[in-house]
Structure formats: structure tokens, C-alpha cells
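Each chain is listed here by its residues.
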Amino acid sequence: MNRRDISDDDTGPIRRVTEIPSDRSPGTSRSPRRTPPPEGARRPRPPAQRPRQAESGRRRAPEPKPDPEPTPVGHGHSHGHGPASPASRRVRLLLMWLLIPLAVATVAGMILLYPWNKDPAKSVFPQGTPVSATVTGTITGPCLAEGQVQVGEPPPDAKPCLTSELAMTDGPGAGKPLKLTLPIEPSTPRFAAGDKVVLSYNGGDAANPASFQIVDFQRGTPLLLLAGLFALAVIVLGRWQGLAALIALGLSFLVLAFFVLPSILAGESPLLVAIAGAGAIMFVALYLTHGLSARTSVAVLGTLMSLVLIGVLSAIFSAAASLTGLDDSTSQLIGSLGHGIDARGLLLAGVVIGALGVLDDVTVTQTSAVWELRRANPALGWRELYGAGLRIGRDHVGSAVNTLVMAYAGAALPVLLYTSLSGVRLGSILGAEDIAQEIVRTLAGSVGIVAAVPVTTVLAALIASREPQSLVSGKDG
């Protein structure tokens, strides 16, 4: 019986092209002839064989009819077409049973942790009202109060001051001139004519310069231009998927701004808030960007398992290293709030949220690699898919860990420079609170990234090897 290879329909014309030269009757051998027959074989056959040849020809005539049909019945490869097989349905049902409770728990956590009917947290120290202004001129000279005059030469060690003439563009003194004097220190920003700055207004007399203080530069326009350039680059390269990624990024910022920050400032556990917020960001970003499919679900599971490992390692080693989380910024935050906050929990929350972005990249890349390997060669089993995917992951994990380390090192660069000025040995520098926090962040996150590669790859290999070829090829959406 003439049987086609079980992968013919999956691999398309690439596999079927080997049968095109075959001009055999159904009863002949399937061994192809690679060399032309001897010269003697081309002589006419005896007349007794001619009717058999004609009969063969009549039986071969209808044989090409099944070739144009994509799914001939009775040839044993219906697995490559049509609806998902029962095994695939079982896999999808398993993914649903695993992910739906996690999604429900995420939503429930956000509802329970959100500060309902609570006033927004405010600083106990007056921060002032921001006012926009433009520098119209600057003068460098002695530090004199309004109305004072310098008599004689200033002392040799006297520090000069920068007097800035400003025009306020909004606030209570809009349109009025203003002069502010600042001592020139190494940490003082250098203002020049034409600079757009932000003033802090303490609510006093708008005609009194003491009611205002220069705080910072206005940076809205260049930041908006950079954000527009970033969005344009993502959309040009990613098209609709790039647009979906931008929407997911915007929703992630909304989760951070309207759930994570208010909940932590209201006194909720920073670690629980970060877990709930990271779960929401994970579900929204991955499914919105990559679609609702088994491939994305595997990436979600791999990301979640790695985040759990990172959280556990961070909690264990932050406690073992006696990390308090009370660095300069956290101490300033607690002073501004006027009440206590779980500083170590805030440290762990930063580790979880900081590692989420890199984990998404690793897990999505691994699942995509396994699915593409399965698409390229449907004959691969889960062990072969796992081995090939793991080899890809080894190359990826090195760059991902380096990315995480450099990101934390760049954020902690001022701390590293300041600590290196102390003149103590390297061990003491690395054991300092600020540096030790970054070490725990980096190493715990890196362990999670390394673990995400085999975990996600084995999940993807087990599921992709049981997916019908039509679903693996992306026809499931």
C-alpha cells in the first residue's frame, strides 16, 4: 500500500517534492531509482507484458487526484490540520487551571491592598508649590542681601554668589521680575540667561523674593521629544505588536502610579503590594503584547516561578546579611511620611519589580525559540526541543545577567564613587549597607534569570511537542 510520510502535510512541498519523480504503480516497490536503467532495459517489452502496462496505466490515472487535497482521508496525518487534538486541549485546560487562580489572586490582592477611602499621603514637611520661570540674566558677585553694598575687598576665603534675574510665567507673581541669590557651590547648578527653571513657592508674599527658591530646570520638552522618538521607533519596527507593547507599557506605569505607590505610602506591606503589582503588570504586558496563546501562557508561568525564587532568595539573604533597607533615600522618605514603613520590605519590593522586566525578556525569548524549533522540525520530541532551546538560553542568559548587573551598577554609581573615597579596604566597602543592598538585588535577580531559562524551556518543550502543527505555526492567534 502506498503510504506517505507522516510529516508530509506538516512540512509542505519541501517533503512532497521527493515523490514527484516517482512514477510507480501502487503495487511496485517504493525504492526510488537514482540512476537510469541500463540500455537494455529501454528495449520494448514482449507483447504479453503490454496489456499489464496499460492496465497499470489505467490504475495510475486516478492516483494524482488526492495530491491537490490538503488532508486526504485514511493516510494517518490528520494531526497536522483541523482542530486541536485532545492532548492539546488537555494542555490548554491545564494552563487555564494554573493561570486563572493566579489571575484571580492578583486581582483580589490589588483590591484588598488598595487604600480605599483614605486620603492621599502627604509630606509632613512643606514642599512648596511649583512655579515656572525663565532666567533673563545672571550676575556673579559677593553674597549680599537685598539693599546691601560691598565695602572694600571681600575676604580671600569668601565664596561668590550667583544672582539670577527671573521672569515668572505662572503662579501668583506671573509676569513680575524676581531676583534670587544663590551661593556658588560645587553642587549648585549653573544657571544662564534663557534657561527655563522651576521655582518653589512657600505661600508667602509674592513680592518678597524670600517666598521663592530655585529648585530645578524645566525638562518637559526634551523628555516628550525623546518619548515620541522612542514610540516612533517601536511602532516602525514592531508595527501593530509595537503599538500593543506601548499600550502595555502605559498600563504598567498606571499600575505603578495608581496602585503600587499609593498602597505603599498608605502603610501596606511593600512586598505584598509589589507581588500583586508585578503580577498585574506581567499578565497585562505579556498577553497584550504577545497574544492569548499557549506560548504566552508558558512565558507567564516561567516568569511567575522565577519571581517567586527571586523573592525567596532576597528575603533569606537580606535577613542573613542584616540589611535594614534604611539607605539615604528611604530614611528621607520615612521622615517625610511622618510614620514608619517596612524598609526591608521596600527593598524586597524593589528587587521583585526591578527583575520583572528582564525576566519577561528571557521567558518570552525562550518560549519563542522552542516554538520556532518545533515549527522548523515537527519531528523533534520534547527532549530535543529542550536541549536545543537550552543551548539558545545559555547564550541569552549571559547577556541578560550582564544587563541586570550593569543596570544596578549604573544606578548605584554615585554610591560606589562616594564609598570609594573612604579609603577603607574593599571588603568593608562591599559590606556597607548601600552597596550590600545592590549586591543582593543583583545576585538574587541573576539567580532568578538563570533559573528562568531551564524552567521556561522545559515547560515550553513539553507543551510545544504536544501542540498540533497548525497551532505551533501561529494559527491559534
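Everything below is about the structure printed above this text.
Residues numbered from 1 in each chain as written. Predicted model: local features only at pLDDT ≥ 70, side-chain atom pairs only at ≥ 80, totals over all residues. Heavy atoms only, no water.

Novice: Which residues make up the pattern of salt bridges, and what values do they have?
Specialist: Here the structure, examined in full by the defined rule, presents three salt bridges. Linking Asp216 and Arg219 is a salt bridge whose minimum nitrogen-to-oxygen distance equals 2.9 Å. The exposure class of Arg219 is partly exposed, given its relative accessible area of 43%. Arg441 is the salt-bridge partner of Glu438, the closest N and O atoms lying 3.5 Å from each other. On the criterion of helical spacing, the pair formed by Glu438 and Arg441 is a turn pair, its members being three residues apart in helix H13 (residues 433-464). (Salt bridge = Lys/Arg side-chain N within 4 Å of Asp/Glu carboxyl O. Buried < 20%, exposed > 50% of the residue type's maximum accessible area, 1.4 Å probe, protein only. Helix = DSSP H or I, 4+ residues; strand = E, 2+ residues; numbered from the N terminus.)

Novice: I'd like to hear about the pairing of strand S4 (residues 196-201), residue by residue, with values.
Specialist: A regular strand carries its side chains on alternate faces of the sheet. Sheet topology places strand S1 (residues 129-141) next to S4; six bridges connect them, and they run antiparallel. If you follow Ala133 over to S4, its bridge partner there is Val197. Summarising the sheet, S4 and strand S5 (residues 212-217) pair through five bridges and their orientation is antiparallel. Each residue of the ladder has a partner; that of Val198, found in S5, is Asp216. (Pairing = 2+ DSSP bridges.)

Novice: I'd like a rundown of the sheet that holds S5, residues and numbers included.
Specialist: Sheet architecture is open: five strands sit in the order S3-S2-S1-S4-S5, paired in antiparallel fashion. Among the strands making up the open sheet, the edge pair consists of strand S3 (177-183) and S5. Across this sheet, the average inter-strand angle for adjacent strands is 45°, counted without regard to direction. Pairing of strand S2 (residues 161-168) with S3, which is carried by seven bridges, proceeds in the antiparallel orientation. Looking across to S3, one finds that Leu162 is bridged to Leu182. (Axes fitted to C-alpha atoms, helices over the stretch in contact; angles between N-to-C directions.)

Novice: Describe the side chain of Thr456, and please don't skip the residues or the numbers.
Specialist: With respect to the helices, strands and loops of the structure, Thr456 is situated in helix H13. From its side chain, Thr456 meets the backbone oxygen of Ala452 in a polar contact 2.7 Å long. Contact partners of Thr456, with chain neighbours within four places excluded, come to Val298, Gly302, Thr363, Gln366 and Thr367. (Polar contact = N/O pair within 3.5 Å; in protein donor to acceptor, adjacent residues only side chain to side chain. Contact = heavy atoms within 4.5 Å.)

Novice: Describe the nonpolar core, and please don't skip the residues or the numbers.
Specialist: Among the nonpolar cores identified, the biggest contains 49 residues, and Phe259, Val300, Trp371, Ile449 and Ile463 are the most heavily contacted of them. Mapped onto this core, the elements with two or more residues apiece are helix H4 (86-113), helix H5 (220-265), helix H6 (270-290), helix H7 (294-320), helix H9 (343-376), helix H10 (382-411) and H13. Among the elements that take part in this core, H9 stands out by supplying ten residues, more than any other. Not counting the four nearest positions on each side in its chain, Ile449 is found in contact with Val358, Leu359, Val362, Val397, Ala400, Val401 and Leu404. By size, the runner-up hydrophobic cluster in this structure holds 15 residues, among which are Leu166, Met168, Leu178 and Leu199. (Core = buried A, V, L, I, M, F, W, Y, C linked by side-chain atoms within 4.5 Å.)

Novice: Outline the environment of Ile111, listing residues and values.
Specialist: Secondary-structure assignment places Ile111 in helix H4. Under the relative-accessibility criterion, Ile111 is labelled partly exposed at 46%. C-alpha of Ile111 to C-alpha of Phe259: the two residues are 148 residues apart in sequence and 9.5 Å apart in space.

Novice: Lay out the pairing of S2 with the relevant residues and their values.
Specialist: One ladder, built from eight bridges, connects S1 with S2; its direction is antiparallel. Note that in S2 the partner of Ala133 across the bridge is Met168.

Novice: Give me the packing of aromatic side chains: which residues, what numbers.
Specialist: All told, the structure shown has four aromatic pairs when counted by the stated rule. Plain terms: the ring middles of Phe191 and Phe217 are 5.0 Å apart, the flat faces sit at 40° to each other, and that makes the pair tilted. Highlighted residues: Phe191 in the loop between S3 and S4 and Phe217 in strand S5, separated in sequence by 26 residues. Among the residues examined, Phe191 registers a relative accessible area of 7% and is labelled buried. Judged by its relative accessible area of 26%, Phe217 is partly exposed. Taking the centre distance of 5.0 Å and the plane angle of 25° together, the rings of Tyr201 and Phe212 count as stacked. In this pair, Tyr201 sits in strand S4 while Phe212 sits in strand S5, placing the two residues eleven residues apart along the sequence. (Phe/Tyr/Trp six-rings, centres within 6.5 Å; stacked < 30°, edge-to-face > 60°.)

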